[in-house]
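Here are the chains, one letter per residue:
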Amino acid sequence: MKSISKFAAALAIGLLFNGNVFADKVVKKSTLKVNTAQSEIIWNAKKVTGEHTGTIAMKEGVITMDGTKLVGGKFVADLTKMVCTDLTDKEYNAKLIGHLKSDDFFSVEKHPTANFVMTKAVAKSANEYTVTGDLTIKGITKPITFPVTVSATANGATATGKLVIDRSKYDIKYNSKSFFENLGDKMIHDEFTLDVKLVASK
């Protein structure tokens, strides 16, 4: 009888201990809200005769951490607030942005946002990850993988990464060698980049 009582007591202690461990893990995992004012998206696109760069406003996003480990995240880009930062001529600048928002490129009137949802993060070091997720542009969703650096603090985290995107996968055909031949110096490269910085807190 004493043996059974001791076993029951040991089992109860074990369940209590394991429950506390599980509770600690739940407490450690937190979803942090992205501060859109402090976060940024910088775009860069190249063509045969040059390149252009600018910014896109961050609409919303979250970073999910398990302690100091990145386990999830997503963000939404507001394409209606796309800006070109390298052209000083206001008329040419407005013309370029208007063209990028048109159906030749991002069809912003029909698809005002683009979004990324992380599906996997593989740690390479304490704060370096290879992140994979689903990127949606013009209503088309494709997987993408890119490096991410995360800096965790007591109150939040900052994540930075560079996405290299093939526009031809998102039905963006204008002056693309993937769809047209003999473009000469009118050719615009299929790949463009987004340098993304997410600043998030509890």
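Computed from a predicted structure; not experimentally measured.

Enquirer: Looking at this structure, I do not really get the nonpolar core. What am I missing?
Expert: Nonpolar side chains tend to gather and get buried jointly when the protein is soluble and globular. One finds Leu 70, Phe 106, Ile 137, Ile 165 and Leu 194 to be the most contacted residues of the largest nonpolar core, which totals 44 residues. Once residues lying within four places of it in the same chain are set aside, the contact partners of Ile 165 are Leu 135, Ile 137, Ile 144, Tyr 170, Asp 190, Glu 191, Phe 192 and Leu 194.

Enquirer: Teacher, can you tell me more about the packing of aromatic side chains here?
Expert: The description of two aromatic rings rests on the distance between their centres and on the angle between their planes. For the structure shown, the criterion picks out four aromatic pairs. Both rings, one in Phe 116 and one in Phe 146, keep their centres 5.3 Å apart while their planes meet at 65°; by these two values the pair is edge-to-face. Highlighted residues: Phe 116 in strand S5 (residues 113-123) and Phe 146 in strand S7 (residues 140-152), separated in sequence by 30 residues. Looking at Phe 146, the relative accessible area reads 7%, which means it is buried. Site record: aromatic cluster; members linked through ring pairs are Phe 75, Phe 116 and Phe 146.

Enquirer: I would appreciate a short explanation of unusual backbone geometry in the present structure.
Expert: Its identity is not glycine, yet Ser 107 carries a phi of approximately 45°, on the positive side. Within the secondary structure, Ser 107 is located in the loop between helix H2 (90-101) and S5. Backbone geometry places Asn 175, a non-glycine residue, at a positive phi of 50°. Structurally, the position occupied by Asn 175 is in the loop between strand S8 (156-166) and strand S9 (188-201). You can call Asn 175 buried: its relative accessible area is 17%.

Enquirer: What is the right way to read the pattern of salt bridges from this model?
Expert: It is possible for side chains of opposite charge to pair when their charged atoms get near one another. According to the stated counting rule, one finds four salt bridges in the structure shown. The partner of Asp 190 in a salt bridge is Arg 167, and the shortest N-O contact between them spans 3.8 Å. Taken together, the residues Asp 190 in strand S9 and Arg 167 in the loop between S8 and S9 connect sequence positions 23 residues apart.

Rules of the game
Residues numbered from 1 in each chain as written. Predicted model: local features only at pLDDT ≥ 70, side-chain atom pairs only at ≥ 80, totals over all residues. Heavy atoms only, no water. Core = buried A, V, L, I, M, F, W, Y, C linked by side-chain atoms within 4.5 Å. Buried < 20%, exposed > 50% of the residue type's maximum accessible area, 1.4 Å probe, protein only. Contact = heavy atoms within 4.5 Å. Phe/Tyr/Trp six-rings, centres within 6.5 Å; stacked < 30°, edge-to-face > 60°. Helix = DSSP H or I, 4+ residues; strand = E, 2+ residues; numbered from the N terminus. Salt bridge = Lys/Arg side-chain N within 4 Å of Asp/Glu carboxyl O.

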